Amino acid sequence: MNPYILTTLLFGLGLGTTITFASSHWLLAWMGLELNTLAIIPLMAQLHHPRAVEATTKYFLIQAAAAATLLFASITNAWLTGQWEIQQLSHPLPTTMITLALALKIGLAPLHAWLPEVLQGLDLTTGLILSTWQKLAPFALLMQIQPINPNLLIFLGLTSTLIGGWGGLNQTQLRKILAYSSIAHLGWMILILQFSPQLTLLTLMAYFIMTASTFLIFKINNSTNINMLATSWAKTPALAALTPLILLSLGGLPPLTGFMPKWLILQELTKQDLAPTATLAALTALLSLYFYLRLSYAITLTISSNTLTATAPWRFTSIQTSLPLATTTSLSLCLLPLTPAMMAILTI
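You'll find the chain entered in an unreviewed UniProt entry as NADH-ubiquinone oxidoreductase chain 2, with Petenia splendida given as the organism. According to its UniProt record, the chain has this under Sequence similarities (unreviewed entry): "Belongs to the complex I subunit 2 family." Its UniProt record gives the chain the following Catalytic activity (unreviewed entry) comment, quoted word for word: "a ubiquinone + NADH + 5 H(+)(in) = a ubiquinol + NAD(+) + 4 H(+)(out)".

A.B. asks: Please provide a residue-by-residue account of the packing of helix H9 (residues 174-193) against helix H10 (residues 197-221), values included.
C.D. replies: Where H9 meets H10, the axes come as close as 9 Å, and the angle between the chain directions of the two elements is 170 degrees. By the angle between their directions, the pair H9 and H10 is classed as roughly antiparallel. Within the contact between the two elements, H9 uses Leu174, Leu178, Ser182, His185, Met189, Ile192 and Leu193 and H10 uses Pro197, Leu199, Thr200, Thr203, Leu204, Tyr207, Met210, Thr214, Phe215 and Phe218.

A.B. asks: How would you summarise empty space enclosed by the protein if you had to cite specific residues and measurements?
C.D. replies: For the structure on display, the rule yields 4 cavities of 30 Å³ or more. Empty space within the largest cavity amounts to approximately 100 Å³. Listed by contribution, the elements that provide at least two residues to the lining of the largest cavity are helix H2 (26-44), helix H3 (50-81), helix H4 (92-106) and helix H7 (136-144). Examining the composition of the lining of the largest cavity, we find that 3 residues originate from one element, H2, more than from any other. When grouped by side-chain class, the residues that make up the lining of the largest cavity number 7 nonpolar, 4 polar and 2 charged.

A.B. asks: Kindly report on the layout of surface pockets, identifying the contributing residues and their values.
C.D. replies: In this structure, the second largest pocket spans a volume of roughly 150 Å³. Surrounding the second largest pocket, Trp188, Gly251, Gly252, Leu253, Phe259, Lys262, Trp263, Leu266, Ala282, Ala285, Leu286 and Leu289 form its lining. Going through the elements one at a time, helix H14 (259-271) and helix H15 (275-300) are the ones with two or more residues in the lining of the second largest pocket. Here the lining of the second largest pocket is built from residues that sort into 9 nonpolar, 2 polar and 1 charged.

A.B. asks: Which residues make up the UniProt feature "domain: NADH:quinone oxidoreductase/Mrp antiporter transmembrane" (unreviewed entry) in the chain, and what values do they have?
C.D. replies: In this structure's numbering, the residues bearing the UniProt feature "domain: NADH:quinone oxidoreductase/Mrp antiporter transmembrane" (unreviewed entry) are residues 23-286. Taken end to end, residues 23-286 comprises 76% helix and 0% strand; its first and last C-alpha atoms sit 39 Å apart.

A.B. asks: I'd like a description of the pattern of salt bridges, backed by residues and values.
C.D. replies: Summed over all chains, the structure comprises 2 salt bridges. In this structure, lysine 58 and glutamate 54 form a salt bridge, with 2.9 Å as the shortest nitrogen-oxygen distance. Of this pair, lysine 58 and glutamate 54 both sit in helix H3, 4 residues apart, which is roughly one turn of that helix. Lysine 58 sits in the partly exposed class, given a relative accessible area of 30%. For lysine 176, the salt bridge identified is with glutamate 117, shortest N-O distance 3.3 Å. With a gap of 59 residues between them, lysine 176 in helix H9 and glutamate 117 in helix H5 (residues 114-120) connect regions that are remote in the sequence. For lysine 176, a relative accessible area of 17% translates into the label buried.

A.B. asks: Give me the lowdown on the packing of aromatic side chains, citing residues and values where you can.
C.D. replies: Tallied over the full model, the rule gives 4 aromatic pairs. Ring plane angle 55 degrees and centroid distance 4.9 Å describe the contact between phenylalanine 291 and tyrosine 292, whose orientation is recorded as tilted. Pair check on accessibility: phenylalanine 291 and tyrosine 292 agree, each one buried. Between lysine 262 and the ring centre of tryptophan 188, over which it is positioned, the NZ or CZ distance is 5.3 Å.

A.B. asks: Run through the domain arrangement of the chain, naming residues and quoting values.
C.D. replies: Here the chain is partitioned into domain 1 (1-95 + 112-122) and domain 2 (149-305 + 322-347). Computed over C-alpha atoms, the centres of domain 1 and domain 2 are 25 Å apart. Contacts between domain 1 and domain 2 engage 7 residues on the former and 10 residues on the latter. A combined buried area of about 820 Å² lies between domain 1 and domain 2, and 68% of that area is made up of carbon and sulfur atoms. On the surface where domain 1 and domain 2 come into contact, there are 1 salt bridge. There are 4 residue pairs in polar contact (both at pLDDT 80 or more) connecting domain 1 and domain 2. For the side of domain 1 that touches domain 2, the class distribution of residues is 4 nonpolar, 2 polar and 1 charged.

How each quantity is defined
- Residues numbered from 1 in each chain as written.
- Predicted model: local features only at pLDDT ≥ 70, side-chain atom pairs only at ≥ 80, totals over all residues.
- Heavy atoms only, no water.
- UniProt positions renumbered as here; feature names shortened; annotations may be inferred.
- Axes fitted to C-alpha atoms, helices over the stretch in contact; angles between N-to-C directions.
- Helix = DSSP H or I, 4+ residues; strand = E, 2+ residues; numbered from the N terminus.
- Parallel < 35°, antiparallel > 145°, perpendicular 65-115°, else oblique.
- Contact = heavy atoms within 4.5 Å.
- 1 Å grid on protein atoms, 1.4 Å probe; cavity = no way out; pocket = protein on both sides within 12 Å on 5 of 7 lines; lining within 4 Å.
- Points joined across faces, edges and corners; volume = space filled by probe spheres on them.
- Nonpolar A, V, L, I, M, F, W, Y, C, P; charged D, E, K, R; others polar.
- Salt bridge = Lys/Arg side-chain N within 4 Å of Asp/Glu carboxyl O.
- Buried < 20%, exposed > 50% of the residue type's maximum accessible area, 1.4 Å probe, protein only.
- Phe/Tyr/Trp six-rings, centres within 6.5 Å; stacked < 30°, edge-to-face > 60°.
- Lys NZ or Arg CZ within 6 Å of the ring centre and 35° of its normal.
- Domains from an automatic or database assignment.
- Buried area = accessible area lost by both parts, 1.4 Å probe.
- Polar contact = N/O pair within 3.5 Å; in protein donor to acceptor, adjacent residues only side chain to side chain.

Written out as structure tokens, the structure is:
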């Protein structure tokens, strides 16, 4: 892609998110979300592959439907209450509609079916943008809405953690596994949103770091399915040793970074007298842990078949920069001891 066009599209992505962050008016927030969607569509379709075009079309239709629902709900709210302020939602009908529209935008279960299919059709770099940056603007709006019906968010959260764990069990494509991982993590964030927005922010930050690290590893190894992971030991032995730790951090095992948000969320849910919800969420985390263990097993304990008839793919050295990967990998493994400091920063 032409660097000038790429710069313009990335600027559009940043501008759309910033407009939504800064807005207190529903119309401006909707404009930011639309700008965000329109900026990423050329990035998604740049390969001109039928799968990429199909994924782009699905994404556009879903985002357009969600944005239309959001606009309709905000107009309904203005009609019923006479104001457009984001933080002044008081009627249950527009509040529920806006919550569901934003859930569709970020891919929360049961409105999740588009996310694995779309992510599977994209290259890993665009998939990384879709899994991280594109979640920011809808989350900024979700955090400003005062929930009228708390059970709705708990239902969305538990369903997402369950389907995010269950859906990834039978997958062999890494991008689909990461999509279901995204759904499960979003479920944890939504579960705690109404009780502790600071914890949601912390979980979102930890998810971004670990997901970026995983996507960059798969990109540097050029891996798109589980079998291709077996070649990573010969390409980058040190990275192949660290990758299982990053995957287990995504799964939430101590003493890694991913344990921190799950531990704090379960603690907060128990404080709110929601012990059954906390128990169910902890059990669904085991489902996710299983497919992270599958990936770890594929990287560390399997060896790719070595054919003599052609040049083996792992003999080519990578020319990609490794600084972002080194940074995100370090953060994915070592942030747990800094939990008190991070909580103190977020509660300021």
